Amino acid sequence: MLTFLHTADIHLDPPFSSLSPQQASKRREQLRATFQSMIQYIRDEQIPLALISGDLFDSPTPQMDTLRFAFSAMEAAQNCRFFISPGNHDYGSKVWDAFPLPQNVTVFRGGQLSFRTCRIGEHEVTVWGWGFETESLSKDPLLGFGGVDTRRINLLCAHCTLDKPDSPYAPVSKKELRAAGFDYAALGHVHNAEHMKKLGNTYYAYAGCLEGRSFDEIGKKGAYLIRLEKEGDQNNSLSFHAKRIRFTRRHYEQDTLDITGAEQMQDVTQKVAQLISDRGYDADTFLRIILRGQVPTSLLLSIPVLEDQDWGVEMLRLIDQTTPMIAQDELEHDPTIRGAFYKQLKPMLENDDAQIQATARLALQLGLHALNGEELPW
């Protein structure tokens, strides 16, 4: 039985530009810790083979200490063979020529399909792959490939897109992947992991990112642990098993909350706290909540004030998509300045862009408060 790990899209050394410098530095260290936890798992479980399907680093010019960290970590797992296929983020020579690679690390170079054969325990294994040399790779590297020697175990380690012929990121067709005859295709580029699939005799999957870095990458991330056994020289009966392994503690999550009936900020605070408790979100959660429902015009939500409270989560972000309980029919026919103010905002209130709608709703609430001579609550 051959056991190996499939990971991808780790993106070490990202800028985290939406965060403060202090928060960004903390997140980069957390991402390193997740990578280190994966390496420790490889060592503890004596995993003999690991496939990294692109974008180990977030850019073609990562910090030198990040390179030292990653290469030293892999070198410390000396009983594991690492195969890396650079992607559209860690392309080119500056990454891979900065230091001598550890002896247990192989990096595929060039946009052409190539292979390395190695002995892993009792198995003769051929690992295939390619590497991005620039930010894009417009050709399908499998195009015209004649197929593998099916007597061996054949693994593909590749950063690519599937069945998107116009993609600039190694557009591989499922037809070519099926015809190639790999036993397993370890794919990278899609950050949200997909379930294991099969084309002909080839199992394949996108591993997803090792740790989420934004609300586009929600859920608990990790890698695939694969076990396969190939029997028979000609029939090549394949026993295959895949398991998701979580390596990160931190995770991004998104939820919705109906705050209809809330009349004061305190009511909203209680509803948010209840949602966090009911869902079990904790100090390792980066949480985004979309607020919905109908609220009175007297309730002016201060999103910064709400976000700044201690909710017991790593980070809280709120998006206001509530609808003010305003008699819009009355405002439509109101001959006073209130009606004129409403009509100026109406195109934005009906805009398809949620952010424009939210801004217009807030402007309407504030404006009506001001026109009524009322004091703003914050």
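Quick look at the structure, then.

What counts and what doesn't
Residues numbered from 1 in each chain as written. Predicted model: local features only at pLDDT ≥ 70, side-chain atom pairs only at ≥ 80, totals over all residues. Heavy atoms only, no water. Helix = DSSP H or I, 4+ residues; strand = E, 2+ residues; numbered from the N terminus. Buried < 20%, exposed > 50% of the residue type's maximum accessible area, 1.4 Å probe, protein only. 1 Å grid on protein atoms, 1.4 Å probe; cavity = no way out; pocket = protein on both sides within 12 Å on 5 of 7 lines; lining within 4 Å. Points joined across faces, edges and corners; volume = space filled by probe spheres on them. Nonpolar A, V, L, I, M, F, W, Y, C, P; charged D, E, K, R; others polar. Polar contact = N/O pair within 3.5 Å; in protein donor to acceptor, adjacent residues only side chain to side chain. Contact = heavy atoms within 4.5 Å. Lys, Arg positive; Asp, Glu negative; His and termini not counted. Salt bridge = Lys/Arg side-chain N within 4 Å of Asp/Glu carboxyl O. Axes fitted to C-alpha atoms, helices over the stretch in contact; angles between N-to-C directions. Parallel < 35°, antiparallel > 145°, perpendicular 65-115°, else oblique. Left-handed = near helix turned anticlockwise from the far one by under 90°.

## Describing unusual backbone geometry
In the Ramachandran plot, H11 falls in the positive-phi region, its phi being about 60° despite a non-glycine side chain. Positionally, H11 belongs in the loop between β1 (2-7) and α1 (21-45). Unusually for a residue other than glycine, F16 sits at a positive phi of about 45°. For F16, the position within the fold is in the loop between β1 and α1. The exposure class of F16 is buried, given its relative accessible area of 8%.

## Quick look at the layout of surface pockets
The computed volume of the largest pocket comes to approximately 310 Å³. Lining the largest pocket are 13 residues; nearest its centre among them are F16, S18, L19, R213 and S214. Among the residues forming the lining of the largest pocket, the class breakdown is seven nonpolar, three polar and three charged.

## Description of the side chain of S167
Examined against the element boundaries, S167 turns out to sit in the loop between β8 (161-162) and β9 (171-172). Among the polar contacts made by the side chain of S167, one reaches the main-chain amide nitrogen of Y169 at a distance of 3.0 Å. What S167 contacts, discounting residues up to four positions off in sequence, is L137, S138 and T161.

## Quick look at the side chain of R361
Along the chain, the position of R361 falls in helix α9 (residues 354-371). Here R361 is buried and forms no salt bridge, its nearest opposite-charge partner D320 lying at an N-O distance of 4.6 Å. Setting aside chain neighbours within four positions, we find R361 in contact with D320, Q321, T322, T323, P324 and L349.

## Observations concerning the packing of α1 against helix α2 (residues 64-76)
Helices that pack against each other are described as a pair by the angle of their axes relative to one another and the distance between those axes. At their nearest, the axes of α1 and α2 sit 9 Å apart, and the two run at 15° to each other. Classed by the angle they form, the pair α1 and α2 counts as roughly parallel. The way α1 lies across α2 gives a crossing that is right-handed. Every residue of α2 that contacts α1 at R32, F35, Q36, I39 and R43 is listed here: D65, T66, F69, A70, A73, M74 and A76. Class assignment of the residues belonging to the contact of α1 with α2 gives a composition of seven nonpolar, two polar and three charged.

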